[in-house]
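If you want the building blocks of each chain, they are given just below.
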Amino acid sequence: MTFNQMSGAIGSLLLIWSGIEKAARDEVIRFYGFLPPKAHGIKAVLRTWEGTVNEAQPAKTLCSLLAATLRSRLQGPLDVRNGICHGLIGISAAVDDAPAKLRWEMNDRKHSITWDELQTSLRWLSKIRFAFSMISNPALDRLDCRVVDTIENREWWRTEWGLLLP
C-alpha cells in the first residue's frame with residue numbers, strides 16, 4: 001500500500017464515521033423531535049441513541065440488547081477514529097515485509113493499525129449505519145422482523161452485522 005492509499009483510507013474512515021453519527025443522530029431526533037444537548041459528539045450520540053432504544057422498544061424484542069451490543073462493538077473502531085483524528089503521528093507505506101500502517105499517540109500511549117486491519121474495520125463500519133433504524137424503529141408487524149428474539153434472528157445479526165449477542 002502506498003502513502004496515498006493510506007491517506008485515502010483516512011478520508012474513508014472520516015466519511016464512514018460521519019454517516020454512522022448521522023444515522024444515530026437521526027434516530028435520536030426522530031425519538032425526541034430535536035437533538036438534545038446531551039447528544040453532541042459521536043460518543044454522546046451513540047449513548048443517547050442506546051437510551052432511546054431502551055426507552056422506546058418493548059422488552060420482548062432484541063432491540064435493547066442489539067443497541068448495547070452495537071454501541072459496545074463500535075467502541076474499538078471509535079477509539080481508532082479518535083486516535084487518528086486527534087493524535088496521528090505517522091503514515092507509512094508497505095516496505096518489504098513491513099505492512100502499511102497508521103500510527104497515533106493518545107494519552108502518552110502509541111497505537112497503530114495496519115492497512116489490512118483498517119480495511120476489515122472499514123468494511124464493517126461502512127454497512128453498520130443501516131442497522132440503527134432497524135434497531136430503533138423495527139417493523140414489528142412484519143413476519144420478517146429481525147428484532148424478535150429467536151435463534152434465527154440472533155444468528156442473522158451475527159452473520160449480517162457481526163453482532164454477537166449473549
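Reading the values: rules and limits
Residues numbered from 1 in each chain as written. Predicted model: local features only at pLDDT ≥ 70, side-chain atom pairs only at ≥ 80, totals over all residues. Heavy atoms only, no water. Core = buried A, V, L, I, M, F, W, Y, C linked by side-chain atoms within 4.5 Å. Buried < 20%, exposed > 50% of the residue type's maximum accessible area, 1.4 Å probe, protein only. Helix = DSSP H or I, 4+ residues; strand = E, 2+ residues; numbered from the N terminus. Contact = heavy atoms within 4.5 Å. Expected span 1.5 Å × (residues − 1). Pairing = 2+ DSSP bridges. Axes fitted to C-alpha atoms, helices over the stretch in contact; angles between N-to-C directions. Salt bridge = Lys/Arg side-chain N within 4 Å of Asp/Glu carboxyl O.

A. How the structure looks around the nonpolar core. Formed by 45 residues in total, the largest nonpolar core has its most connected members in Trp17, Trp49, Leu70, Leu74, Phe132, Ile135 and Trp157. Broken down by secondary-structure element, the contributors of at least two residues to this core are α1 (3-32), α2 (42-56), α3 (63-87), β2 (101-106), α4 (115-128), α5 (131-136) and α6 (151-161). For this core, the leading source of residues is α1, giving 10 residues. Apart from residues no more than four positions distant in its own chain, Ile135 is found in contact with Trp49, Val53, Gln57, Cys63, Leu66, Ala67, Leu70 and Trp157.

B. Broad picture of α2. Between its first and last C-alpha, α2 extends 21 Å over 15 residues, near the 21 Å set by a 1.5 Å rise per residue. Regarding α2, the residues found buried are Ile42, Ala44, Val45, Leu46, Thr48, Trp49, Glu50, Thr52 and Val53. Looking at the buried side of α2, the elements it contacts are α1, α3 and α5.

C. Structural context of the sheet that holds β2. An order of β1-β2-β3 is seen for the 3 strands of this open sheet, with the pairing classed as antiparallel. In the strand order of this sheet, the two ends are held by β1 (88-92) and β3 (109-114), each with one partner. The sheet shows a mean angle of 15° between the axes of neighbouring strands, taken without regard to direction. Bridge count for β1 against β2 is 4 bridges, and the pairing is antiparallel. Paired with Ile91 across the strands is Leu102, a residue of β2. Lying over the sheet, α1 contacts β1 and β2, oriented at roughly 135° with respect to β1. Docked against the sheet, α3 engages β1, β2 and β3, running at close to 80° with respect to β2.

D. Layout of the pattern of salt bridges. By the definition in use, this model includes 8 salt bridges. The residue Glu50 makes a salt bridge to Arg71 at a minimum N-O spacing of 2.2 Å. Separated by 21 residues along the polypeptide, Glu50 in helix α2 and Arg71 in helix α3 bring together distant segments of the chain. Judged by relative accessible area, which is 30%, Arg71 ranks as partly exposed. Arg154 is the partner of Asp149 in a salt bridge, and the nearest nitrogen-oxygen pair spans 2.7 Å. Overall, the relative accessible area of 24% leaves Arg154 in the partly exposed class.

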